[in-house]
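In case you want the letters, here they are:
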Amino acid sequence: MGFARTCSVALVGVEGVVVEVQADLEPGVAAFTLVGLPDKSLTESRDRVRAAIVNSGAEWPQKKLTVGLSPASVPKGGSGFDLAVAAAVLGAAERIDPRAIADLVLIGELGLDGRVRPVRGILPAVLAAADAGYHQVVVPEQTAGEAALVPGVSVLGVRSLRQLIAVLTDEPVPEEEPTEEGRPDAMLAGLLVPGAGIGTGLAPDPADPTGGPDLADVAGQHRARRALEVAAAGSHHLLLSGPPGAGKTMLAERLPGILPPLTRQESLEVTAVHSVAGILPPGEPLVRRAPYCAPHHSATMQSLVGGGNGLPRPGAVSLAHRGILFLDEAPEFSGKVLDALRQPLESGHVVIARAAGVVRLPARFLLALAANPCPCGRHTQQGAGCECPAALVRRYQARLSGPLLDRVDLRVEVEPVTRADLLGQGGRGETSATVAARVREARARAAARLAGTPWSVNSEIPGHELRTRYLAAPGALATAERDIERGLLTARGLDRVLRVAWSVADLAGHDRPDSQDIALALELRTGITRGVPVGAGERA
């Protein structure tokens, strides 16, 4: 009787669970049984593994073979267990030393010819292996760079099962034929979901060296530009409201260009989500720029917050983690879809319960909404000829519910562009690089102030801390207190005004918010003019 064991990783959402793969050979009629709650794609690994072992020059054991995946209570799916199953079978057949694979974590799909094909979710799988105390992993060669992002783990990238056998038995490693230059590599097909690559806007386009559209292309819109800068400095949610053609979408598309690069920890978080979702570009193992996700208004709740058959998969809120989720034509989204955003806006994650299990997915994003004032879009324009009945306008605007809008920090009315601004008579606005430099300085001030706390940006600071620990200048809150008495601000609204005021103060270089910082935060929050300058550089 032969027995061998090795390890692989099962992904539950964007978190991994180390699974022990055991192989047992007993005398009897030749059969291959796979147990341990596998799904359809994993059950099919029996045929893939058998063909891969035979075509790799090894002998298939003609005995009763049982492969167990433990713990059996964890649902397991996908083809990433193929390599571990093949190694366990070869260990049980004594083709390789069972002790050589006992402490290995193997992840990869096998082709019928023995080639090791890449799979999605390598980074979270290796992170789970490292957390469990494993120090050696074997992955497909194409994803070795992604696995190497995890510190303290030795990574071996292999192109075929033959190479793995040779490494484990100290035999000469055979050379695999490389893909011809200019010929598409079919091995990369398992990494990307069709239609989920660069075209979604989530992944940076390598052909675009400028990093995206420039804020200098926006004509006029000084108030909206200032709101974008404040939103980027403190990661505040933003609503842009105005008539069609005013530049709402144009402004939102330039928001990623002024965000600072992701930190190392943030990059790992984003890369893990994108790897599981299958939108990680080949050759770019680490996402360094904030993602930008702009789903169509016909998106379902499952596509937005996550879902799918079996265990839920990441939705748009998770794909926009540490980045921007832009909802253009926000009132056209389903009311249930919009209200589903309320939980992740507060908590920074989304918990999805299905019959197959409960999954917690990260969802800390900057929400940018764009909306017209009425169905025709001309309600706020004088002499524009809006014919929408008042009741229709109220119903249209009520599609953005009060609880959702109460979680939006900045509400800006985007005015139509004047002829002077459009023809460039007022001069060209600041570039994204100039604004991004100020945002980086403001983020650095906030990071120094919040050092030693679990928060990194102003929008994450709890209200209690804002009122007791991070105090505004004496008398600065007088205007906000009057707005609370008038019912213009809720308790949550006051907390959000204070967070915005800290971001305004960081941009201005103030030690703490003064009365003008609070006034500008109130103006950006309520839309009521407070008589303070909003253009960058207008204050000392």
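Preceding this section is the structure that the text describes.
The rules behind each value
- Within each chain, residues carry numbers counting from 1 in the order of the written sequence.
- Local features in this predicted model are restricted to residues whose pLDDT is 70 or higher, and side-chain atom pairs enter the listing and the counts only when it is 80 or higher, whereas totals over whole chains, interfaces and linings include all residues.
- Only hydrogens and water are removed before side-chain values are computed, so all heavy atoms of the structure are retained for them.
- What counts as a helix is a DSSP run of H or I of at least four residues, what counts as a strand is a run of E of at least two, and both are numbered from the N terminus.
- Three exposure classes are used, based on accessible area relative to the maximum for each residue type with a 1.4 Å probe and protein chains only: buried under 20%, partly exposed in between, and exposed over 50%.
- Here, two residues are considered to be in contact whenever any of their heavy atoms come within 4.5 Å of each other.
- All accessible areas in this document rest on Shrake-Rupley with a 1.4 Å probe, and a residue is counted as covered only by the protein chains that are shown.
- Cysteine sulfur atoms are paired as a disulfide whenever they fall within 2.5 Å.
- Pairing between strands is defined by DSSP: at least two bridges between the two strands are required.
- Any helix carries an expected span of 1.5 Å times its number of residues minus one.
- By definition here, a salt bridge exists when the distance from a side-chain nitrogen of Lys or Arg to a carboxyl oxygen of Asp or Glu is within 4 Å.

K.L.:
Talk me through the overall build of the chain; I want residue IDs and the actual numbers.
P.N.:
For the chain, the helix and strand inventory stands at 22 helices and 16 strands. Per-residue burial over the chain gives 50% buried out of 540 residues. A fraction of 71% describes how many contacts in the chain between residues 6 or more apart in sequence connect residues 24 or more apart. A total accessible area of about 23,900 Å² is found for the chain, and carbon and sulfur atoms account for 51% of it.

K.L.:
Outline the state of the cysteines, supporting the account with residue identities and numerical values.
P.N.:
The final tally for this structure, using the stated rule, is zero disulfides. Cys376 provides the cysteine sulfur closest to Cys374, a residue in no disulfide bond, and the two sulfurs are 3.4 Å apart.

K.L.:
Give a description of the sheet that holds strand β16 (residues 410-413) that names residues and reports values.
P.N.:
Taken in spatial order, the five strands line up as β11-β12-β15-β10-β16 in an open sheet, and their pairing is parallel. The open sheet has two free edges, formed respectively by β11 (292-293) and β16, since each of these has just one partner strand. Pairing analysis gives two bridges linking β11 to strand β12 (residues 324-327), with the strands arranged parallel. By the bridge assignment for β12, Cys293 is matched with Leu325.

K.L.:
How would you summarise unusual backbone geometry if you had to cite specific residues and measurements?
P.N.:
Here the residue pair Ser70 and Pro71 is connected by a cis peptide bond, since its omega of 5 degrees sits within 30 degrees of zero. Among the structural elements, Pro71 can be located in the loop between β4 (64-70) and α3 (82-92). Unlike most non-glycine residues, Arg322 shows phi in positive territory, near 65 degrees. With respect to the helices and strands, the residue Arg322 is situated in the loop between α12 (316-319) and β12. On the basis of relative accessibility, which here comes to 22%, the residue Arg322 falls in the partly exposed class.

K.L.:
Tell me what's going on with the pairing of strand β3 (residues 31-35), and back it up with residues and numbers.
P.N.:
Both faces of the sheet carry side chains from a regular strand, because those side chains alternate between them. Burial of β3 is one-sided: the residues Phe32 and Leu34 facing one way are buried, the residues Ala31, Thr33 and Val35 facing the other way are not. Across five bridges, β3 lies against β4 in parallel orientation. Residue pairing for β4: Val35 is matched across the bridge by Gly68.

K.L.:
Just give me the short version of helix α10 (residues 264-277), but keep the residues and values in it.
P.N.:
Between the first and last C-alpha of α10 there are 20 Å, a value that for 14 residues agrees with the 20 Å anticipated at 1.5 Å per step. In terms of burial, α10 is largely enclosed, as 11 of its 14 residues are buried. Every buried residue of α10 is accounted for by Glu266, Ser267, Leu268, Val270, Thr271, Ala272, Val273, His274, Ser275, Val276 and Ala277. Contacts from the buried residues of α10 go to β1 (2-12), α5 (122-131), α6 (144-147), α12 and β14 (357-362).

K.L.:
Any details on the environment of Ala508? Residues and values, ideally.
P.N.:
Of note, Ala508 is situated in helix α21 (residues 491-508). Between the alpha carbons of Ala508 and Ala442 there is a distance of 8.2 Å; along the sequence they are 66 residues apart.

K.L.:
I'd like to hear about the pattern of salt bridges, residue by residue, with values.
P.N.:
Opposite charge on two side chains makes pairing possible when the charged atoms of those side chains draw close. For the coordinates displayed, the defined rule picks out 28 salt bridges. For Asp113, the salt bridge identified is with Arg115, shortest N-O distance 2.9 Å. Given a relative accessible area of 34%, Arg115 falls into the partly exposed group. Ionic pairing is found between Glu465 and Arg469, a salt bridge with its closest N-O pair at 3.7 Å. By relative accessible area, which is 48% here, Arg469 ends up partly exposed. Through salt bridges with shared partners, one network takes in Glu346, Asp406, Arg407, Asp409, Arg492, Arg496 and Arg525.

K.L.:
Provide a residue-level description of the environment of Val287, including the pertinent values.
P.N.:
Positionally, Val287 belongs in the loop between α10 and β11. Val287 sits 20 residues away from Ser267 along the chain, and the two C-alpha atoms are 5.5 Å apart. When near neighbours in sequence (up to four residues on either side) are disregarded, Val287 contacts Leu262, Ser267, Val270, Thr271, His274 and Leu280.

From the geometry alone we can't say anything about function, so treat these as descriptive.
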